[in-house]
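Per-entry structural report
What follows is each chain in one-letter form.
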Amino acid sequence: MNKNPDQTYRQVVLAISEINARRTFDTLGAPQRPDLDKAILALEELSWQIVAEDAGRFSKSIGARITELQELGQKIERSYKDLKAIGKTLRLTAEVVAEFVKAIKAVV
């Protein structure tokens, strides 16, 4: 189980980096761009919350973002064959954050 906020934050930053590599001027009009933009917004919010919020508030407020990342990951994997790795990264990030939240809830 992941109880380490640094590991969780690193996974979120890795996901941001991978997605931003696909968010270039070349993809501005591409059909996958809105989903990539939504994913970045969700991941950035997660990163701020991991860093800024106390453990109790974090664990209560993050559930919706986890669900959103899981759903976006699945949609991106299904819809855009060239972005399968991005979809998997989003789903993995959601799992890592969910494990972290479980660990926090166990001690809070």
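Refer to the structure printed above.
Here the structure is a predicted model, which is why all the values come from computation and not from measurement. Within every chain, residues take consecutive numbers counted from 1 along the sequence as written. Under the rules for a predicted model, residues below a pLDDT of 70 receive no local features and side-chain atom pairs below 80 are neither given nor counted, while totals for whole chains, interfaces and linings still include all residues. Excluded from the side-chain calculation are hydrogens and water; included are all heavy atoms of the structure.

**Section: the environment of Glu44**
Tracing the backbone shows Glu44 in helix 2 (residues 33-52). What makes Glu44 partly exposed here is its relative accessible area of 26%. It is 8.4 Å that separates the C-alpha atoms of Glu44 and Val13, two residues lying 31 residues apart in sequence. Numbering of helices and strands runs from the N terminus, with a helix taken as a DSSP run of H or I at least four residues long and a strand as a DSSP run of E at least two residues long. A 1.4 Å probe rolled over the protein chains alone gives each residue an accessible area, and that area as a share of the maximum for its type sets the label: buried under 20%, exposed over 50%, partly exposed in between.

**Points about the environment of Gln7**
Its place among the elements puts Gln7 in helix 1 (residues 5-22). In the structure, Gln7 is positioned 90 residues away from Val97 in sequence and 9.5 Å away in space, judged by C-alpha atoms.

**Some points on the nonpolar core**
By nonpolar core is meant a set of buried Ala, Val, Leu, Ile, Met, Phe, Trp, Tyr and Cys residues that side-chain atoms within 4.5 Å join together. Within the largest apolar cluster, 24 residues are counted, with the highest numbers of intra-cluster contacts made by Ile19, Leu43 and Leu90. Here the element with the most residues in this core is helix 2; it accounts for seven residues.

**Considering a nonpolar patch on the surface**
Patch membership requires more than 30% relative accessible area and the absence of a salt bridge. Residues of like charge join within 9 Å; the nonpolar side chains Val, Leu, Ile, Met, Phe, Trp and Tyr join within 5 Å. Here the open area of atoms and residues is found with the Shrake-Rupley method and a 1.4 Å probe, where only the protein chains shown may cover a residue. The working definition used for a salt bridge is a side-chain nitrogen of Lys or Arg within 4 Å of a carboxyl oxygen of Asp or Glu. A cluster of nonpolar side chains, namely Tyr9, Val13 and Val51, defines an oily patch on the protein surface of about 250 Å² accessible area. For Val13, a relative accessible area of 37% gives the class partly exposed.

**Let's talk about the side chain of Gln32**
Following the sequence through the fold, Gln32 ends up in the loop between helix 1 and helix 2. Since its relative accessible area comes to 11%, Gln32 is described here as buried. Note on contacts: a residue pair is in contact if any heavy atoms of the two residues lie within 4.5 Å. Ignoring anything within four residues of it in the chain, the contact list for Gln32 reads Tyr80, Asp82 and Leu83.

Any link to function would need more than the numbers given here.
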